Amino acid sequence: MDRREFLQTSAVLAGGALAARVPNAQSPPMVGIQIGAVSFQDEGTERVLDALQEMASINTLFLATFTYGRGIGGRQIPNQPLPDHGKQEYDSGFRGGNFATPHPQYYRNTSIAPEKAPDHPGYDVIADVLPAARKRGMKVMCWFEDVIAADVPGFDKAREVVLSGPPSTFACSRNPNTRHFWLGMVEDYLRSYDVDGLMWGSERQGPLGNVLVANHGTAGNGGRAACFCQYCLDAARKDGINVDRAKEGYARLSAWADTIRTGAKPADGAFVTFWRLLVKYPEILAWERLWNEALNDTYREMYQLAHQLAPTKGIGWHIWHNNSFSWLYRAEQDYGDFSEYSDFLKVVIYNLCGGERLAQYVRNVNRSVLADLTPDQALALTYDVQQYHDQPLDALSAAGLAADYVFRETRRAIAGAGTTMKIWPGIDIDIPTAQTSKKTRPDDVYQAVTAAFRGGAHGVLLSRKYSEMRLDNIRAAGRAIRDAKVA
Ligand SMILES: [Zn+2]
């Protein structure tokens, strides 16, 4: 080893201890918060930004720029207590849409109308916040999600086609109208505004997970088997997948799920009869792959376009919480694959509402693919497979998941991410839960943020929206960031 090599090696070793605690030590960690237009309108842009910097050293704003959903847009949802800031009133007339200004030239190749959100007439959240953020050295990311109201003009020409049952509330990712809608939005945000990057999220899964209800939603009945639209049928034929067999397979899987949900026990049990269907109809899995490929192509094309338009700005994805619960869904979220078309991932690692959600997931799969087990066994299996362990089922919703879950899920993401993709765990602050379920306390936030950095996170993203967070909980995140000595 020559002197130069030795010095380099020692520097790496000396930095090793530091790097373990302060990952990505070259650049300061991203400290972000998700925030919607209503908060700037209600509380004043300058005041909000000052408060966020002061309370939690926030350096990146994730503006909810497009959604028709209440998860990231609007004020606190009705029937949940209003936080200690903002207008003390519910916005029950919330509609959503594009909270900036849609520029029609970017949406020529899609049927989906680029609607400006009517909630704040004449207000453009990016145009308003960007200069105020710049003045304070804060970055601005556009944060938009795969939630389009079914009555938006042109949505019907993009909607997923289900095999049977109620129509899908989602647009097919393979339909060119959908693809060009998202690509148009990427181009619109990057060309119309000097923002620092984009984050997009899609909280849904393919037909297999849907039919098994392998998620934490409250859908008591079987989920939709989609998509069987013309574009998906054509893609299947091109791949040599037998469409009729796929339809027959999903029809039989749906019938199986309906039977198991009634509490009926086949002589061979739920799991074996499920697996038998997979063996008889491998087209079930082929269609699941086909569904995921359309979504992955969406990520790839958005990434490609964003890098072509603005090579130095980042684009990444919000990864749905179901990644923590369902092994089916987790298997489809391959961090190594993501690293090829993502600058960062916001992995949802919400531990506080996570208890309630995991309990619901277990109840769902216990009425389908894991019906052979007791609920406690279904939870134990889930813990083992997902590689974290926490409370027993009867204590889970009230206790939430511990910070150890945040640590483990962060570490797993870092291990899978490779060297270029950043991992910014989503930390939950005051996400609504049932009255008897875990509520956010300052110490919980402190522990979760600390655990994320201990797991090697390159930043944290306080979620879901400022308008539902209590200030003492935001301050606790700030304390954790200061104590971790990362900001
Ligand atoms: Zn389709």
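Enquirer: Can you break down the overall build of the protein residue by residue, with the values?
Expert: What the protein contains, in helices and strands, is 18 helices and 10 strands. Overall, the C-alpha framework of the protein stretches about 65 × 60 × 55 Å when taken along its three principal axes. Counting all 487 residues of the protein, 58% fall into the buried class. If you sum the accessible surface of the protein, you get close to 19,800 Å²; carbon and sulfur atoms cover 52% of it.

Enquirer: Describe in detail the pairing of strand 2 (residues 60-67), supporting the description with residues and values.
Expert: Strand 2 sits mainly inside the fold: 8 of its 8 residues count as buried. One ladder, built from 4 bridges, connects strand 1 (residues 30-35) with strand 2; its direction is parallel. Bridge pairing links glycine 32 to threonine 60 in strand 2. As paired elements, strand 2 and strand 4 (residues 139-145) share 6 bridges and run parallel to each other. Paired with phenylalanine 66 across the two strands is phenylalanine 144, which belongs to strand 4. Examined bridge by bridge, strand 2 and strand 3 (residues 97-98) share 2 bridges and lie antiparallel to one another. Each bridged residue has a counterpart across the sheet, and for phenylalanine 66 the counterpart in strand 3 is asparagine 98.

Enquirer: For the coordination of the zinc ion, give the residues involved together with the corresponding values.
Expert: Taken together, the protein donors to the zinc ion comprise Cys172 (SG), Cys227 (SG), Cys229 (SG) and Cys232 (SG), at separations of 2.3 to 2.4 Å. For the zinc ion, the 4 donor atoms in the first shell make angles of 103 to 115° at the metal, so the coordination geometry reads as tetrahedral. Taken in chain order, the donor set of the zinc ion reads C-x54-C-x1-C-x2-C. Of this pair, cysteine 172 sits in the loop between strand 4 and helix 5 (176-192) while cysteine 229 sits in the loop between helix 6 (207-211) and helix 7 (230-238), and the two are 57 residues apart along the sequence. You'll find cysteine 172 and cysteine 229 in the same group, each marked buried.

Definitions and limits used
Residues numbered from 1 in each chain as written. Predicted model: local features only at pLDDT ≥ 70, side-chain atom pairs only at ≥ 80, totals over all residues. Heavy atoms only, no water. Helix = DSSP H or I, 4+ residues; strand = E, 2+ residues; numbered from the N terminus. Buried < 20%, exposed > 50% of the residue type's maximum accessible area, 1.4 Å probe, protein only. Areas by Shrake-Rupley, 256 points an atom, 1.4 Å probe, with all protein chains shown as cover. Pairing = 2+ DSSP bridges. Donors = N, O, S within 2.8 Å, 3.2 Å for Na, K, Ca; no water. Tetrahedral: all angles 85-135°; square planar, octahedral: opposite > 155°, others 65-115°.

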